[in-house]
Amino acid sequence: MSATFRVGQGVDVHAFSGRKGTLHLACLDWPEELELEGHSDGDVAAHAACDALLAAANLGDLGSVFGTDDPRWAGAAGATLLGEVLSRLTEAGWAVENVSIQVVGNRPRLAARKDEAAAALSAALGGADVSLGATTTDHLGFLGRTEGLAALATALVSR
């Protein structure tokens, strides 16, 4: 019997709060950065990956699984959400093949911590292959005005 493969896409966007503190991005803490608003930690990279994985396995989406009406997820770390998604996928008979994440925004600059961030995301997904990239919008729109961050993710799962 051959394996079944499915692909999912995910997107997440959060606004900067205007408060300087610790930004949570790609399962890492970024001190002395603007914090992101959100019910959980606002980690757009982790959230987009969760959304892509859930979509690939047809298990819902970020809002239906981790809704703002559920106090269990208030302030939850991106790694915690990824761990929950991994558990749900495993219970449903799916395995994570890989996840590719693109962060969009002007700050923080990811280049110096890109490998560390990909490793942290991978660890949260039980060692799955994760690639991470970053880009800007060349000063266009709310992302270009540094009003927030966005991330896009594509995930491949197999059964």
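None of the values given here were measured: they were computed from a predicted structure.

A.B. asks: Let's hear about the UniProt feature "binding site: a divalent metal cation" (unreviewed entry) in the chain: which residues, and what values?
C.D. replies: Those places that UniProt annotates as "binding site: a divalent metal cation" (unreviewed entry) correspond, in this numbering, to D12, H14 and H47. In summary, the annotated positions, though distributed over 36 residues, converge in three dimensions, the widest C-alpha pair being only 10.2 Å. Along the chain, the position of H14 falls in strand 1 (residues 5-25). Within the structure, the side chain of H14 is placed 2.6 Å from the backbone oxygen of E37, a separation counted as a polar contact. Looking at where H47 falls in the secondary structure, it is placed in helix 1 (residues 44-56). Since its relative accessible area comes to 3%, H47 is described here as buried. Here H47 is in contact with D12, H14, S40, D41, G42, L62 and L81, once residues within four sequence places are set aside.

A.B. asks: Which residues make up the pattern of salt bridges, and what are the values?
C.D. replies: Using the criterion set out here, one finds 7 salt bridges in the structure. E35 is the salt-bridge partner of R19, the closest N and O atoms lying 3.2 Å from each other. A residue pair is termed long-range when its members are at least 10 positions apart, and R19 in strand 1 and E35 in strand 2 (residues 28-36) qualify at 16 residues. Here R19 falls in the partly exposed class, since its relative accessible area comes to 43%. The residue R88 makes a salt bridge to E84 at a minimum N-O spacing of 2.8 Å. Highlighted residues: R88 and E84, both in helix 3 (residues 78-91), separated by 4 residues, approximately one helical turn. One salt-bridge network, in which partners are shared between bridges, spans R19, E35 and E37.

A.B. asks: Describe the side chain of S122, with residues and values.
C.D. replies: Along the chain, S122 turns up in helix 4 (residues 114-124). Those residues within four positions of S122 in sequence are excluded, and the remaining contacts are G127, A128 and V130.

A.B. asks: Hey, could you go over the environment of A45 for me, with residue numbers and the actual values?
C.D. replies: Mapping A45 onto the fold places it in helix 1. Sequence separation between A45 and L149 is 104 residues, and the spatial gap between their C-alpha atoms is 9.2 Å. Discounting chain neighbours no more than four positions away, the residues touching A45 are L25, A26, I101, V103 and A151.

A.B. asks: Go over the nonpolar core with me, naming the residues and quoting the values.
C.D. replies: Membership of the largest hydrophobic core comes to 48 residues, with the highest contact counts inside it found for L25, L53, V99, I101 and V103. Counting residues per element, this core draws most heavily on helix 1, at 10 residues. When sequence neighbours within four positions are dropped, the list of residues in contact with I101 reads A45, A49, L121, V130, S131, L132, G133, A151, L152 and A153.

A.B. asks: Give a detailed account of the packing of aromatic side chains, specifying residues and quantitative values.
C.D. replies: A full pass over the atoms with the stated rule returns 1 aromatic pair. Both rings, one in F66 and one in W73, keep their centres 4.8 Å apart while their planes meet at 90 degrees; by these two values the pair is edge-to-face. Taking the ring centre of W30 as reference, the NZ or CZ of R113 above it sits at 4.5 Å.

What counts as what
- Residues numbered from 1 in each chain as written.
- Predicted model: local features only at pLDDT ≥ 70, side-chain atom pairs only at ≥ 80, totals over all residues.
- Heavy atoms only, no water.
- UniProt positions renumbered as here; feature names shortened; annotations may be inferred.
- Helix = DSSP H or I, 4+ residues; strand = E, 2+ residues; numbered from the N terminus.
- Polar contact = N/O pair within 3.5 Å; in protein donor to acceptor, adjacent residues only side chain to side chain.
- Buried < 20%, exposed > 50% of the residue type's maximum accessible area, 1.4 Å probe, protein only.
- Contact = heavy atoms within 4.5 Å.
- Salt bridge = Lys/Arg side-chain N within 4 Å of Asp/Glu carboxyl O.
- Core = buried A, V, L, I, M, F, W, Y, C linked by side-chain atoms within 4.5 Å.
- Phe/Tyr/Trp six-rings, centres within 6.5 Å; stacked < 30°, edge-to-face > 60°.
- Lys NZ or Arg CZ within 6 Å of the ring centre and 35° of its normal.

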